[in-house]
Amino acid sequence: MGNSYAGQPKSTRFEEVLHSSIEASLRSSSLVPRPIFSQLYLEAEQQLSSLEGGNQADNEEEEEEGESGLERNGPSNPYPLAPPPEGCCTTDGFCQAGKDLRLVSVSSEPLEVPTGFLLVGVKSPSLPDQLLVCAVDKRFLPDDSGHNALLGFSGNCVGCGRTGFCYFTEFSSHINLKLSTQPKKQKHLKYYLVRDAQGALTQGPAICWKGAEFRSRQASASVSSGPVLLPLEGSGPLTAFSSEPGAPGSNPGIPTGAQRAGSALFSEQSPPAAAPSAVVFNGRDSPRHQQMARSNLVALARPSALGILSNSGPPKKRHKGWSPESPWAADAGYAQGSVNRAKYGVGVACVPQASMVGPASVTFPVVGSGEPVSVPDNLLKICKAKPVIFKGHGNFPYLCGNLNDVVVSPLLYTCYQNSQSISRACEQYGSSAVQPISEEMQLLLTVYYLVQLAADQVPLMEELEQIFLRSWRESHLAEVRQCPQAPLQPYLPAPGPAVPVTSAQLPWLAGLAASSCNESVHVIECAYSLAEGLAEMFRLLVEGKLAKTNYVVIIRACRNAAIDSCIAVTGKYQARILSESLLSPAEYQREVHCELATGKVDSLGAFFSTLCPGAGTALDKGAGPERFADSTAQKTHFRCSLFGAEGDIDILLDKFHQENQGHISSSLTSMSVTNAAGLEVGGTPVCASECREPRSVWPAQLAVAQKLLSHVCSIADSSTRNLDLGSFEKVDFLVCVPPSEVTFQQTMAHVWRSGVLQELGLEPEPAAGQRLERRVLKLDAEAPATFTAFLQRSRRSPNTLFVLVHDHAHWDLVSSAVHSLYSQSDPCVGLVDKLLNCREVKEAPNIVTLHVTSFPYALQTQHTLVSPYNEVHWPVPYSDGVGLYPESKKYFGLSEFIESTLSGHSLPLLRYDSSFEGMVTALGKRFPRLHSAVIRTLVLVQHYAAALMAVRGLPQMKNHTSVETLEITQNLLNAPKQCPRGHGLMVLLRVPCSPLATVAYERLAHVRARLALEEAFEIILGDPGASITVGKHFVKQLKLWQKIEDAEWRPQTYLELEGLPCILIFSGTDPHGESLPRSLRYCDLRLINASCLARSALEQELGLAAYFVSSEAPEEQAVRSEAPDSDGEKPSSSDNEDEEAGTEACFEAASPERRSPVRRERSCSHDSASSSLSSRVSGSVPCSETSAQPPGPMQGEPARSSPPYGPAEEARAPVEKPRPDGVPWAGQRSLQVPAASCSQPASSPSPGAASAGTLVLQASQCSLAKACRQPPVVFLPKLVYDMVTATDSSGLPKAASLLPAPSVMWTSSFRPLLNKTMTSTEQSLYYRRWTVPRPSHMDYGNRAEGRVDGFHPRRLLLSGPPQIGKTGAYLQFLSNLSRMLLRLTEVDVYDEPEINSGPWEEPEWRYTQLSDPWPDLELFRKMPFDYIIHDPKYEDASLICSHHQGIKSKDRGTRRSEDPPARRQTARMRLSKYAAHSTYHHCEQCQHYLGSHLHYQLYESTLHAFAFSYSMLGEEVQLHFIIPKSKEHHFVFSQPGGQLESMRLPLVTDTSQECIKSPTFTPTTGRHEHGLFNLYHAMDGASHLHVLVVKEYEMAIYKKYWPNHIMLVLPSTFNSAGVGAAHFLIKELSYHNLELERSRQEELGIKPQDIWPFIVIADDSCVMWNVVDVDCSGERSREFSWSERNVSLKHIMQHIEASPNITHYALIGLRKWGSRTRGCDVREPFSRCHVHDFILLNVDLTQNVQYNQNRFTCDDVDFNLRVHSAGLLLCRFNRFRVMKKQIAVGGQRAFHITSKVSDSSAAVVPAQYICAPDSKHTFLAAPAQLLLEKFLQHHSHRFFPLSLKNHSHPVLSVDCYLNLGPQISVCYVSSRPHSMNVSCSDLRFSGLLLYLCDSFVGAAFLKQFHFLKGATLCVICQDRNSLRQTVVRLELEDEWQFRLRDEFQTANAKEDRPLFFLTGRHI
């Protein structure tokens, strides 16, 4: 077979053994061919002398190339070059004179090039990503064929201008190439350089050195990522890119050439100017090449590389040691083969052509080596299809001659190359070095695949790739099993039973495999080159010997060299589909338009007009092409007059119109009158479809809106702080939609009805619509102006968050870089990238981009801008047990349609028309030069015309249409008669090609007019760029149904066509998001482009029929709802079974192969009915108006209804959705048909029920009402149907494994399959790993933008099934976002009136005046102290009694201790500009304050120890300060960076207005996120010192959130302490610091009393401050008015600090804010009372008054009483008010009282906080002081029973205030000498409380108080010993009686130091 095998056995058994072995291999289920030839011994093969002789003409360049190929694999030894001259420049990219030669640097500089020289790009090994520029004499450069280059070199340096370099070695030294091998021009002179349109120098075509032109070849055509063997995305004549090896987007797992082979510049929108010519370019000097060079060569984004294929021969002559017998032969052969494979590419011209050879110029110009192959003339006419040739391995020859009749594609070559890239596969299987599939095995597997394809199947690239993957995986696993411990060497043949197929075996194996396929695959073996095989194939085609052959495999196998191969598709069906798949959408439209304009379709029209009944019937039934042979008899048969003498369908129409005009007109008029009368006479009939449901938003939409909001919050919460939600006050939005007028109007309607404009405050007047158009943008030619206005609004409103919604985001993903190439043909292309990806949008901090799509695959690539964490997927219903939709609703999408084909339906919802497909196939063979879309459209229109004629009374036409089309037209015309209001159904006829849609519209309109059906149904041409046009009659009908009174109203969306009987001819390449009404009954997709298969394209088309149906079935109907046409086994008939059963039987007869394997067989009654089919189908039409069997759509499918308002895509706007139970079940019953038609049902209802059903039939059979419960029927092309319904091993539809989108490509053939169990998130991660965008994709250059991750931080993606409610979800998200921002700008503050205030009475003495700004010290001293607590947070605290204040306390209510605390009253307040903020607030003004720029060292902090001694603690206290460097100026250090000495304090006399003198201390716990520590705005930017006081274990977390704040860290012993400890240490530290500052500044001559003594102790929840302004200008002195306003904390502090004699006040505080302010509250500007929450503390005056460090609650009340008893002044500024924010975390809530027993889950109640000493009580894990305080608060009545509600006899509390609950009053006294105590002489106390009393409390002190008989005593001490000592020291046993059982302790373990207390009774 062209090769000589010296060791071949001579016996005849050789063929027998070979045949049997291969046959066993073919029958094996394994995908890996068994080792066929391992049974036979073949001696060493001798090289053919003819092959050697044919390749002896190797020139020097080839030898050098071969040598360099070996050098690349050898060790790298530096080539000895002469040392550079001393002092010269040696920098890479510069010449020795120091001039820059890099292309990126000199591209815009004018360079002088001498005549005869060309600028050339030089590749430097040290700069792999750069090109160096030099000038080379073009005589020393090759032409495009790789020849005619002079030996040697002549060049100039463009940097320094040096000329005359005659040796490339010298020149390489001058330009600092620094080579490790001998310098050769062939290796380093790589590209021509050209000027682009802007004059910049850019990389041009590759220099075609013979033998090396494709070593670094850039891409030539589309990668084999489409589903079929050609680029199914319709990329057309693909444009090559010339990019550098390190270009962005390159994948290391794919060879450079293979990867860029798929870099098509135009994926679907290829402009006419970019279509390459069909002529093969044979050199740069060809006339066409010169013409191209003169044309706009540089207009492209990148010029292409024109490549010349080289011949592959045996090893070069200097390779003496190479032998095929050597053990390294396989390795060397592969290494050489891999280099050759990188070279053997197809050079595709990408230069725009001024003219094309033909209108359908879709061929790939391919150049090759060897003799050219001439394509025969009239090949298309002879073969009836254009053969498609796929280049496989090795060289491909020249083609010349009739190139228009052949198509060449490199897609298979690219697939083979990708299959060699196994790096990712190795990652999958845990191996680093394994052997790839050999080229022989690749080709053999391809042959196996082609052999098993059926006659009506088209090869799919995904299937072939998966075969390669499984083969490699099985062989790899076998190798692993053989050698589990020894890792395989790269590319070495692994040991094992699977001996690899050799090139000598390949032709035998391929031929034997093809021998079993009945000539479907033909194998041609070549001896020398593929040229002879191609010539042989063309000869066989011309001779007609390949009539039954679909695929021709041509192999040139040689033992000494790599194989050459190609595969030609010659099957008429397959070749047509594959060749048409090459057309881009623009070229497809252009070709169709050309065929229509030039009259090519006239022959097809003439053929239609001459069809006779016999031939037509045969054709309809899918007769083969043999039935249409051009014999004379059959021609005569075609011309037989079908309709009498006229013979033309138009003549028949005219005749019918003339004969029946009057009758039909009167019939239609009477029908209209009848319907109109039915609406008015006897009341308005109720149509079930008009039942309405209230609008609502579904839980699924709310869930998605909440998820979107959550993702936005996550962006804001991230450490990157790319979104500052706290700085926004409102929300604005812009929705961008595709340039479809219907989608635009539809979206505007949804936005308007949602009320989002009013909720966002964007449209205060609902009647105005101007602003609505500013919120919805149609991406057409006028979009840039509107978008610019949007950007201007965003810049003008930095406090507004703008949400840019990109709806239907899968549309127009073309990069704006190629937009100029489309500007002539389609100005809208590239707008999305130009507008939404512009720099302003990306960098704007107040714009969030939301992509919304049902098909997100093109946005889920390796280069996507959307982070996987920012994807939101539509939730799966019932996934979490909670219904996301109403129980009566079920979403019917693609998976449900597919399930209907497998669930036993006789006629599933997803169908194909076999008779239509058969006629199209036959006509395609008869008219090979017509595009199949033209044929399909004209045939389908002819079917519709014939069906309409049959229904209107021409029964002879029924045989000239398909059963499916007849069913559609019957239901279309008869549906309005079944509804009292005339509701009809919609038929969607999808015609993607606009010119064909116009033809279909005009033709059907003409037929309708001739049949007098203008008022029966409407025909609407749905053009995306135009509005809807509906006739006046139907507009009037729509207005009547929808109760619209506007005279100018016209339907603007398809949703407004609900109930209108119509055919919607929906044109456009892709749907643009148009939603369809509920009345859609049939979705006719038979004309969609079946050859351009991509997952997104298929799902878009099928998504037109998807939305919600009602899953409720009325009672007794559920069982028989499937009866009419869904279950052939059920014998019950229906009201329209006469029509539909016959239709069904005809369908079965026409296409018996339609039966599903799992479908039930038909019953006998249905089989018997099929014989009388024809008469019953036609006979049911004329009598349909009078019979009781109105035909209609299928009733047995699940019901469908529109969802409630909210879902944008599916909201049926003008017509509200019907109630599921709106139709009585009786009306849905089936009437019985005559027994002749069908057998009686097995069970029938009673006669009464049957008659009732008959009476209400017409009122309940409304097609719109049925449509609420029935999904539409979808008709698909056979190819698409097979693709959609086929599943893989996991059950996943085959279509899901297709290329996800035309604008992306697979990264590798070795990728795992999608799995049915994958969630949406997992599918997204799959596509993100295995797909990359094409160069025309807008994300292609994303990775080159410099970001590490490449994701845009403010970009989200929402994906969900089509028509499921995404628009309603994102509109709800906008509302939620607005509410949240409003909530962020608002805060819940406590709003409670002061307690214990009572009725106000005019005092006898006035201490202050209304207008006093500060208190008068002398008058203030005379003001009595108010002991009563008025702060509402102490509503549950004990009252404090005094002698001069009447106790008028009423019962304050009783609440059980177990009850949860009552919720305190709050009010929502808008944050003022002077508010304090938490960590969630970020703005530009306070960034430096917060230290948000963490990379600045300015915010680095240092830890400083600060110690002081305190006698009460008994030891030295050591605190730690964390001081940021930016705050070190507030402190004094012994030296810079040394020991901390003190904190600087100002002077009392300082009057600076830009600083606050008092340091602010804020103790906090558990509120690192929510604490209001950002006082920048509150202080109005004034300088201040703020210190956070934190516990040691919380130091790190507070430091993380507040890096620029000073922190005072308490000792670890205080980790479990309460707020009293923090206050205690703050005060003591401040006093110690005051002493240090006095000492330090005294040395500077400053008096000690001049040092500022005040500090501020503020709660961490103080959020805002305001002031009450009093106006005393009334006529009477007692009349005044007041108002409140927000002020800054700076204003309040400076006002207080400026008070006269301020140092005489010990405590100064503010009033708590409340909304219910009374006149008495503001009359007194100052009060002497308790102060809380925000106080100024004079640490000097209070030196001897301490906070109780053990306290958890009420420590401020206790301290206030101590300060007052010490004779010090407490002053509250009543007109300054502080608002406290409600914070639900931290603070006192941080203390949890739990049991120490780990397994105890029972709740601990306050009664368990104490126990008897030495008992077995469960100990608690809580501080003893906390247990004591909580117990006394809830159960103090156990100790003081007489005090309960006895406010006239309070409990005497000595030296402390403890909360004993609201029902017990206390009287506080101090034991300190000279204390100010209330007079107790007239009081008799009901109890005595002694808490840790010190030595000041003595027996004499206690005896001055009087107690009631039976009063109780409670003594509390640290331990039992102290308890007894106290009893003895105070002589308590004299007046009090004690019992042993009255001793208690807190429920603490001994190591936790419990408190002990003893109770006694007064004697």
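Residue numbers run consecutively from 1 along every chain, following the written order of its sequence. Local features in this predicted model are restricted to residues of pLDDT 70 or higher, and side-chain atom pairs are both shown and tallied only at a pLDDT of 80 or more, whereas totals for entire chains, interfaces and linings draw on every residue. Note that the side-chain values use all heavy atoms of the structure and ignore hydrogens as well as water.

**Let's talk about the overall build of the protein chain**
Then comes step 1: Helix and strand definitions here come from DSSP, where helices need a minimum of 4 consecutive H or I residues and strands a minimum of 2 consecutive E residues; each element is numbered from the N-terminal end. Helix and strand counts for the protein chain come out as 57 helices and 54 strands.
Then comes step 2: Accessibility here uses a 1.4 Å probe with only protein chains present; expressed as a share of the type maximum, an area under 20% marks a residue as buried, one over 50% as exposed, and anything in between as partly exposed. Counting all 1963 residues of the protein chain, 59% fall into the buried class.
Then comes step 3: Throughout, a residue-residue contact means that at least one pair of heavy atoms, one from each residue, lies within 4.5 Å. In the protein chain, 77% of the contacts between residues at least 6 apart in sequence involve partners at least 24 apart.
Then comes step 4: The method behind every accessible area is Shrake-Rupley, applied with a 1.4 Å probe, and residues are considered shielded solely by the protein chains displayed. Carbon and sulfur atoms provide 52% of the accessible area of the protein chain, an area that totals close to 76200 Å².

**Considering helix 45 (residues 1278–1285)**
Then comes step 1: Counting buried positions over the 8 residues of helix 45 gives 7, a clear majority of the element.
Then comes step 2: If you check which residues of helix 45 are buried, you get K1278, L1279, V1280, Y1281, M1283, V1284 and T1285.
Then comes step 3: Those residues of helix 45 that are buried lie in contact with helix 17 (572–580), helix 31 (894–900), strand 19 (910–912), helix 32 (914–926), helix 37 (1095–1102) and strand 25 (1273–1276).

**As for helix 17**
Then comes step 1: Of all 9 residues making up helix 17, 7 are buried, and the element is well covered by its neighbours.
Then comes step 2: Regarding helix 17, the residues found buried are Q574, A575, R576, I577, L578, S579 and E580.

**Concerning the packing of helix 18 (residues 585–597) against helix 35 (residues 994–1010)**
Then comes step 1: Their axes nearest at 8 Å, the elements helix 18 and helix 35 cross at an angle of 45°. Of the possible angle classes, the one that applies to helix 18 and helix 35 is oblique. In contact with Q589, V592, H593 and L596 of helix 18, helix 35 contributes S994, P995, L996 and V999.
Then comes step 2: By the convention adopted, Pro, Cys, Tyr, Trp, Phe, Met, Ile, Leu, Val and Ala count as nonpolar, Lys, Arg, Asp and Glu as charged, and the other residues, Gly among them, as polar. Residue composition of the contact of helix 18 with helix 35, by class: 5 nonpolar, 3 polar and no charged. Here the axes come from fitting lines to C-alpha atoms, over the contacting stretch only for helices, and the angles between their N-to-C directions go from 0 to 180 degrees. Every angle not falling under 35 degrees, over 145, or within 65 to 115 is termed oblique; those three ranges are roughly parallel, roughly antiparallel and roughly perpendicular.

**A few points about the sheet that holds strand 10 (residues 521–526)**
Then comes step 1: Two strands are said to pair when DSSP picks up at least two bridges between them. The mixed open sheet is built from 5 strands, whose spatial order is 9-7-12-11-10. Of all the strands in the sheet, just strand 9 (407–409) and strand 10 have a single pairing partner and so form its edges. In this sheet, adjacent strand axes meet at a mean angle of 20° when their direction is disregarded.
Then comes step 2: Two elements, strand 7 (residues 388–391) and strand 9, share 3 bridges in a ladder whose sense is parallel. Within the sheet, the bridge partner assigned to I389 lies in strand 9 and is V408.
Then comes step 3: Of the strands in this sheet, strand 7, strand 10, strand 11 (551–558) and strand 12 (561–569) are in contact with helix 16 (residues 530–543), which crosses strand 10 at around 140°.

**Concerning the sheet that holds strand 28 (residues 1355–1359)**
Whether parallel or antiparallel, the strands of a sheet pair through hydrogen bonds between backbone atoms.
Then comes step 1: The strand order across the open sheet formed by 6 strands is 14-13-15-16-28-17, and the pairing between neighbours is parallel. Of all the strands in the sheet, just strand 14 (776–778) and strand 17 (871–873) have a single pairing partner and so form its edges. Pairwise comparison of adjacent strand axes, ignoring direction, gives a mean angle of 20° for this sheet.
Then comes step 2: Sheet analysis places strand 16 (residues 847–853) next to strand 28, joined by 5 bridges and oriented parallel.

**A few points about the pattern of salt bridges**
Then comes step 1: Salt bridges, as used here, are contacts in which a Lys or Arg side-chain nitrogen is within 4 Å of a carboxyl oxygen on Asp or Glu. Per the stated rule, a full pass over the model turns up 61 salt bridges.
Then comes step 2: Between D1758 and R1751 there is a salt bridge, with the nearest N and O atoms lying 3.9 Å from each other.
Then comes step 3: Of the residues examined, D1758 reaches a relative accessible area of 1% and is grouped as buried.
Then comes step 4: Using a relative accessible area of 1% as the deciding quantity, one classes R1751 as buried.
Then comes step 5: One salt bridge in this structure joins E1943 and R1924, with 3.9 Å as the shortest N-O distance. Here R1924 lies in helix 57 (residues 1920–1929) and E1943 lies in strand 53 (residues 1936–1946), a separation of 19 residues in the sequence.
Then comes step 6: You can call R1924 partly exposed: its relative accessible area is 44%.
Then comes step 7: A network of salt bridges, in which partner residues are shared, links D1431, K1433, D1659, K1712, D1733 and K1780.

**Describing unusual backbone geometry**
Then comes step 1: Here the phi dihedral of D812 falls at roughly 55°; this positive angle occurs in a residue that is not glycine.
Then comes step 2: Along the polypeptide, D812 turns up in the loop between strand 15 (800–807) and helix 28 (819–822).
Then comes step 3: The backbone of L1892 shows a phi angle near 50°, a positive value even though the residue is not glycine.
Then comes step 4: Relative to the helices and strands, L1892 resides in the loop between strand 51 (1884–1891) and helix 56 (1899–1902).

**Overview of the confidence of the model for the protein chain**
Then comes step 1: On a range of 0 to 100, pLDDT expresses the predictor's confidence in each residue. For the protein chain, the mean per-residue pLDDT works out to 75, and 69% of the residues sit at or above 70.
Then comes step 2: Contacts of residues 212–369 to residues separated by more than four positions or lying in other chains number 480 contacts, the stretch itself having pLDDT below 50.
Then comes step 3: Segment residues 1113–1260 is flagged for pLDDT under 50; beyond a separation of four residues in sequence, or across chains, it makes 362 contacts in the model.

**A closer look at the packing of aromatic side chains**
Then comes step 1: Aromatic contacts are taken between Phe, Tyr and Trp rings whose centres are within 6.5 Å, Trp giving its six-membered ring; a plane angle under 30 degrees counts as stacked, one over 60 as edge-to-face, and the others as tilted. If you walk through the whole model with that rule in mind, you get 38 aromatic pairs.
Then comes step 2: Residues Y891 and F1108 carry aromatic rings whose centres are separated by 5.4 Å and whose planes lie at 65° to one another, so their mutual orientation is edge-to-face. Taken together, the positions of Y891 in strand 18 (residues 889–892) and F1108 in strand 24 (residues 1107–1110) put the pair 217 residues apart, joining distant regions of the chain.
Then comes step 3: By relative accessible area, which is 0% here, F1108 ends up buried.

**Concerning the nonpolar core**
Then comes step 1: Throughout this description, the term nonpolar core refers to a set of buried Ala, Val, Leu, Ile, Met, Phe, Trp, Tyr and Cys residues connected via side-chain atoms within 4.5 Å. By size, the foremost hydrophobic cluster in this structure holds 153 residues, and its most contacted members are V553, L923, F1017, L1060, I1065, V1274 and L1276.
Then comes step 2: Membership of the second largest hydrophobic core comes to 114 residues, among which are L1585, L1761, C1914 and A1947.

**A word on the packing of helix 32 against helix 33 (residues 932–951)**
Then comes step 1: Their axes nearest at 10 Å, the elements helix 32 and helix 33 cross at an angle of 135°. For the element pair helix 32 / helix 33, the angle class is oblique. Between helix 32 and helix 33 the crossing geometry is right-handed. Contacts between helix 32 and helix 33 involve F916, E917, M919, V920, L923 and G924 on the former and, on the latter, I935, R936, V939, L940 and H943.
Then comes step 2: Of the residues assigned to the contact of helix 32 with helix 33, the class counts are 7 nonpolar, 2 polar and 2 charged. For a crossing to be left-handed, the near helix must be turned anticlockwise from the far one by less than a right angle; the clockwise case is right-handed.

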